[in-house]
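Chain by chain, the residues:
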Amino acid sequence: MRTGVLLVAALAGLAAYERLVKPWQESWGARPEEKAMDLPGDDQVAEPATTVTRAITIDAAPEEVWPWLVQIGADRAGFYSYAWAENLIGLHIRNADRIEPAWQQLSVGDTVYADRGRTGGWTVVDLVPGEALVLRLADVSTGRPVSRRDPAAPGIGPVLDWEFAWIFALLPEPHGRTRLLIRERVGHGSTSARVLLAPLGQVSFVMTRKMLLGIKERAERVHPERAGSAT
C-alpha cells in the first residue's frame, strides 16, 4: 500500500513537472512571439529537434551588449554564469568584468572553447555584429561542427548521437534597450541519446538564466541610472 502511494505521488510529481515546470524553464523570460520567431541558425539543426528559447531585457543598446557577448569563451571572458559550478568539472572558467579589446575579434570558422584545456567547444557558423552569434557543437580537433548523422565524430555513435546549436540574438527595443535571446536547438539521433542527455536540460536552465543575468548586469553599467528597471 505504501509503495503504491509513493508511486502515485511520484507519477503525479513527474506529470506536474512536465506540464508546468519544464515549459517555464524552457522559455524563461521569453515572450510568446520570441519563442515562435525564426532566428539565424535555426536551420543548423534540422528537424526533428528540440528548441528552447530564453530571454531578458537589458537597459543598454545592442551595440553596448554585443562586446560582452562576442568575447565569451573559456579562454576569453568566460560565460558570465556560475564559474564555481563550471570549475567543479574542471573547466577552469574565469568570468570577466570588463570588455577586453583583444577578445573582440571573432569570425565564422573560429572555435569558442568550453574549457581552458581546449578539449571541447563550438564552431562559429554565423555572426552578424550587433545582431546575432550562432555556434555549433564542434569536433575541436578539426573545427568541424558535429552532426548526429556522422558516426565518426567524437561523442557520436550508438549512445550519444546528437547535435547542438547555440544561438544568441540581440533585438532592439524602444528607449535604447535590448532583448537578448538565447536559443538552443538540439537534435537527437536515437532514443538512448535523448534519455541520457535529458538531465542536461536542468543544467541548461540554471546556467543559461545566470548567463542572461550576468550579461545584463555587465552591460547595464553603461547606464547605471536605469539598471534593473526591466527583466
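The structure presented is a predicted model; accordingly, all values stated were derived computationally and were not measured.

## What about the environment of Leu135?
Argument step 1. By secondary structure assignment, the location of Leu135 is in strand S4 (residues 132–139).
Argument step 2. Each C-alpha atom of the pair Leu135 and Gly109 lies 9.6 Å from the other, and the pair is 26 residues apart in sequence.
Argument step 3. Sequence-distant contacts of Leu135, that is, excluding residues within four places in its chain, are made with Ile72, Val112, Trp122, Thr123, Val124, Val125, Phe164, Ala165, Trp166 and Phe168.

## A look at the pattern of salt bridges
Argument step 1. Taken as a whole and judged by the stated rule, the model has 13 salt bridges.
Argument step 2. The partner of Asp42 in a salt bridge is Arg183, and the shortest N-O contact between them spans 2.9 Å. Residue Asp42 is located in the loop between helix H2 (32–36) and strand S1 (50–58), and its partner Arg183 is located in strand S7 (residues 177–188); the two are separated by 141 residues in the primary sequence. Across the pair, exposure class does not vary: Asp42 and Arg183 are buried alike.
Argument step 3. In this structure, the salt-bridge partner of Asp97 is Arg221, at a minimum N-O distance of 3.9 Å. Pair noted here: Asp97 is in the loop between helix H4 (83–88) and strand S2 (111–113) and Arg221 is in the segment after helix H6 (200–219), with a separation of 124 residues, a long-range link.
Argument step 4. Here the residues in one salt-bridge network are Arg31, Glu34, Glu173 and Arg179, joined through shared partners.

## Considerations on the pairing of S1
Argument step 1. Burial within S1 is extensive, with 7 of its 9 residues counted as buried.
Argument step 2. In this structure, S1 lies alongside S7, joined through 9 bridges in antiparallel fashion. Within the sheet, the bridge partner assigned to Val52 lies in S7 and is Glu184.

## Focus: the pairing of strand S6 (residues 162–173)
Argument step 1. With 9 of 12 residues buried, S6 is to be regarded as a mostly interior element.
Argument step 2. Two strands pair when backbone bridges link them, and S4 and S6 are joined in this way by 5 bridges, in the antiparallel orientation. Each residue of the ladder has a partner; that of Val134, found in S6, is Ile167.
Argument step 3. Sheet analysis places S6 next to S7, joined by 12 bridges and oriented antiparallel. By the bridge assignment, Trp162 is partnered in S7 with His188.
Argument step 4. Hairpin connection of S6 to S7: 3 residues between the antiparallel strands, including His175 at a positive phi of 65°.

## Let's talk about the side chain of Gln71
Argument step 1. Note that Gln71 resides in the loop between helix H3 (62–70) and H4.
Argument step 2. Within polar-contact distance, the side chain of Gln71 engages the side chain of Gln104 at 3.1 Å.
Argument step 3. Setting aside its immediate chain neighbours within four residues, Gln71 contacts Arg76, Ala77, Tyr80, Ala96, Arg98, Ile99, Glu100, Trp103 and Gln104.

## Observations regarding the packing of aromatic side chains
Argument step 1. Throughout the structure, instances matching the rule amount to 7 aromatic pairs.
Argument step 2. Considering the side-chain rings of Trp68 and Tyr80, the 6.3 Å spacing of their centres and the 75° angle between planes classify their relative orientation as edge-to-face. With Trp68 in helix H3 and Tyr80 in the loop between H3 and H4, this residue pair connects regions lying 12 residues apart in the sequence.
Argument step 3. Given the relative accessible area of 1%, Tyr80 is considered buried.
Argument step 4. The interplanar angle of 65° and the centroid separation of 6.2 Å between the aromatic rings of Tyr82 and Trp84 together place this pair among those described as edge-to-face.
Argument step 5. The class for Tyr82 is partly exposed, based on a relative accessible area of 26%.
Argument step 6. A relative accessible area of 58% places Trp84 in the exposed class.

## Some thoughts on a nonpolar patch on the surface
Argument step 1. Nonpolar side chains collect at one region of the surface, where Trp84, Leu88 and Ile89 lie side by side and expose about 430 Å² of accessible area between them.
Argument step 2. Summarising the element assignment, Ile89 is placed in the loop between H4 and S2.

## Here we look at the nonpolar core
Argument step 1. Residues Ile72, Phe79, Trp122, Leu133, Leu135, Trp166 and Phe168 are the most contacted members of the largest nonpolar core, which totals 42 residues.
Argument step 2. Those residues in contact with Trp122 that sit more than four places away from it in its chain are Phe79, Asp110, Thr111, Val112, Tyr113, Ala114, Leu135, Arg136, Leu137, Ala138, Phe164 and Trp166.
Argument step 3. Counting residues in hydrophobic clusters, the runner-up holds 7 residues, among them Ala30, Leu39, Ile167 and Leu181.

Reading guide: rules and limits
Residues numbered from 1 in each chain as written. Predicted model: local features only at pLDDT ≥ 70, side-chain atom pairs only at ≥ 80, totals over all residues. Heavy atoms only, no water. Helix = DSSP H or I, 4+ residues; strand = E, 2+ residues; numbered from the N terminus. Contact = heavy atoms within 4.5 Å. Salt bridge = Lys/Arg side-chain N within 4 Å of Asp/Glu carboxyl O. Buried < 20%, exposed > 50% of the residue type's maximum accessible area, 1.4 Å probe, protein only. Pairing = 2+ DSSP bridges. Polar contact = N/O pair within 3.5 Å; in protein donor to acceptor, adjacent residues only side chain to side chain. Phe/Tyr/Trp six-rings, centres within 6.5 Å; stacked < 30°, edge-to-face > 60°. Patch = residues over 30% accessible without salt bridge, like charges linked within 9 Å, V, L, I, M, F, W, Y side chains within 5 Å. Areas by Shrake-Rupley, 256 points an atom, 1.4 Å probe, with all protein chains shown as cover. Core = buried A, V, L, I, M, F, W, Y, C linked by side-chain atoms within 4.5 Å.

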